[in-house]
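Spelled out from the first residue to the last, the chains are:
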Amino acid sequence: MTNVLILGANGGIARVAIDLFLKETDDQLTLYLRNSSRLGNLDLNRVTVIEGDVLDKEKLKNAMIGHDVVYANLAGGLEQMAKTVVETMNETNIKRLIWISSMGIYDEVPGQKYSTILDPYRKSAEIIEASDLDYTILRPGWFTNKDEIEYETTQKGEPFKGHEISRQSVADLVVKLATSPGLEVRKSLGVSKPE
Ligand SMILES: NC(=O)c1ccc[n+]([C@@H]2O[C@H](COP(=O)([O-])OP(=O)(O)OC[C@H]3O[C@@H](n4cnc5c(N)ncnc54)[C@H](OP(=O)(O)O)[C@@H]3O)[C@@H](O)[C@H]2O)c1
């Protein structure tokens, strides 16, 4: 059984991943989010809810203690969030981080040049890659709500394949990474539906 802390637990991918964790694993989940009233009914034997901002370091530190894996599903000021998460993981001696980013941060998508809009994604990935953490950064393509789990991955340095990916597929990969120690550690993976 793994103790997983989910940051940004009301996010689109996180909500799908939480359902999968509860269905397919016996993991204990801590859901960390800014407004808990938006969560529906959850199995409170398996789930702890903490209301907080990721940039609130003291609260984040208290929430992190005792977890095996941190899964960050965040958007917005990602650079500062990455700094705070890395520092707090170091202080609490937690090594394993799964971080949702985006395709395009290394200009790895053939024929596409993503502009400054991806800068927070680029900078947060740099911070994580410079850390000593056992991170896996996921760089998904455009999300779809298709009812399918079908994906392939590419490593950093390889061209991104495809364009889209179902939310369920990203969530499936998150659950696999969280429950398989050593899988794709210190890797940054493009994630997309095979075309
Ligand atoms: N849409 C696409 O096709 C696509 C493709 C590739 C990558 N991505 C990126 O993948 C990531 C995950 O996607 P998603 O759809 O699951 O994201 P999402 O639904 O936008 O969720 C992001 C979550 O981050 C939380 N958050 C933001 N700032 C926070 C803070 N300071 N403290 C605590 N929580 C905070 C938000 O909380 P609140 O609910 O409180 O606002 C929100 O629930 C995003 O960065 C997204 O941009 C998207």
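Please read these numbers as outputs of a predicted model, since none were measured by experiment.

Caption draft 1: The arrangement of the sheet that holds strand E4 (residues 69–72) in detail. Read across the sheet, eight strands follow the order E3-E2-E1-E4-E5-E6-E10-E8 without closing on themselves; strand pairing throughout is mixed. Two strands close off the open sheet at either side, each with one partner strand: strand E3 (47–51) and strand E8 (152–155). Sheet twist, expressed as the average angle between the axes of neighbouring strands with direction ignored, equals 20 degrees. Where strand E1 (residues 3–7) meets E4, four bridges bridge the pair, whose relative direction is parallel. Its bridge partner being in E4, Leu7 is matched across the sheet by Ala72.

Caption draft 2: Here's a closer look at the site of the ligand. Close contacts around the ligand come from 21 residues, with Asp53, Asn73, Leu74, Tyr121 and Phe143 the closest. Here an oxygen atom of the ligand and a side-chain polar atom of Asn73 are 2.8 Å apart. With the chains in place, 79% of the 920 Å² that the ligand exposes on its own is no longer accessible. More than half of the atoms belonging to the ligand lie within 2 Å of the grid points that define the largest pocket. Every element with two or more residues in the shell around the ligand is listed here: helix H1 (12–24) and strand E7 (142–144).

Caption draft 3: Summary view of the pattern of salt bridges. Counting across every chain of the model gives 12 salt bridges. Measuring nitrogen to oxygen at the nearest pair gives 3.4 Å for the salt bridge that ties Glu91 to Lys61. Taken together, the residues span a long stretch of sequence, with Glu91 in helix H3 (residues 78–92) and Lys61 in helix H2 (residues 57–64) at a distance of 30 residues. By relative accessible area, which is 26% here, Lys61 ends up partly exposed. Two residues, Lys193 and Glu148, come together in a salt bridge whose shortest N-O distance is 3.1 Å. Note that Lys193 is positioned in the segment after strand E10 (187–192) and Glu148 in the loop between E7 and E8, a separation of 45 residues in sequence. For Lys193, a relative accessible area of 18% translates into the label buried. Counted as one network, the salt bridges with shared partners bring together Lys57, Lys61, Glu87 and Glu91.

Caption draft 4: Up close: the UniProt feature "domain: NAD(P)-binding" (unreviewed entry) in the chain. When the UniProt feature table is mapped onto this chain, "domain: NAD(P)-binding" (unreviewed entry) is found at residues 8–181. Along residues 8–181 one finds 34% helix and 21% strand; the C-alpha atoms at either end are 22 Å apart.

Caption draft 5: Structural detail: the side chain of Thr88. By the secondary structure assignment, Thr88 is in helix H3. Residue Thr88 is classed as buried on the basis of its relative accessible area of 0%. Sequence-distant contacts of Thr88, that is, excluding residues within four places in its chain, are made with Lys57, Leu60, Lys61 and Met64.

Caption draft 6: Local environment of the layout of surface pockets. By volume, the largest pocket is sized at about 720 Å³. Taken together, 32 residues make up the lining of the largest pocket; nearest its centre are Asn73, Leu74, Ala75, Gly76 and Tyr121. Among the secondary structure elements, those contributing two or more residues to the lining of the largest pocket are H1, strand E2 (28–33) and E7. Looking at side-chain class alone, the lining of the largest pocket contains 18 nonpolar, 10 polar and four charged residues.

Caption draft 7: Molecular detail of the nonpolar core. In terms of nonpolar packing, the biggest core is built from 30 residues, with Ile6, Phe21, Leu29, Tyr71 and Leu138 touching the most fellow members. Listing elements by their share of this core, those giving two or more residues are E1, H1, E2, E4, strand E5 (96–100), helix H5 (167–179) and E10. If near-sequence neighbours (up to four positions away) are discounted, Phe21 is found in contact with Val4, Ile6, Asp27, Leu29, Arg46, Tyr71, Val174, Val175 and Ala178.

Caption draft 8: Representation of the packing of H2 against H3 in the model. Put simply, H2 and H3 touch, their axes get as near as 10 Å, and they point 45 degrees apart. Judged on the interaxial angle alone, H3 and H2 are oblique. As H2 packs across H3, the resulting crossing turns out to be right-handed. Only Thr84, Val85, Glu87, Thr88, Met89, Glu91 and Thr92 of H3 make contact with H2, whose side of the interface consists of Lys57, Leu60, Lys61 and Met64.

Reading the values: the criteria
- Residues numbered from 1 in each chain as written.
- Predicted model: local features only at pLDDT ≥ 70, side-chain atom pairs only at ≥ 80, totals over all residues.
- Heavy atoms only, no water.
- Pairing = 2+ DSSP bridges.
- Helix = DSSP H or I, 4+ residues; strand = E, 2+ residues; numbered from the N terminus.
- Axes fitted to C-alpha atoms, helices over the stretch in contact; angles between N-to-C directions.
- Near = heavy atom within 4 Å.
- Polar contact = N/O pair within 3.5 Å; in protein donor to acceptor, adjacent residues only side chain to side chain.
- Areas by Shrake-Rupley, 256 points an atom, 1.4 Å probe, with all protein chains shown as cover.
- 1 Å grid on protein atoms, 1.4 Å probe; cavity = no way out; pocket = protein on both sides within 12 Å on 5 of 7 lines; lining within 4 Å.
- Sits in = over half its atoms within 2 Å of the grid points.
- Salt bridge = Lys/Arg side-chain N within 4 Å of Asp/Glu carboxyl O.
- Buried < 20%, exposed > 50% of the residue type's maximum accessible area, 1.4 Å probe, protein only.
- UniProt positions renumbered as here; feature names shortened; annotations may be inferred.
- Contact = heavy atoms within 4.5 Å.
- Points joined across faces, edges and corners; volume = space filled by probe spheres on them.
- Nonpolar A, V, L, I, M, F, W, Y, C, P; charged D, E, K, R; others polar.
- Core = buried A, V, L, I, M, F, W, Y, C linked by side-chain atoms within 4.5 Å.
- Parallel < 35°, antiparallel > 145°, perpendicular 65-115°, else oblique.
- Left-handed = near helix turned anticlockwise from the far one by under 90°.

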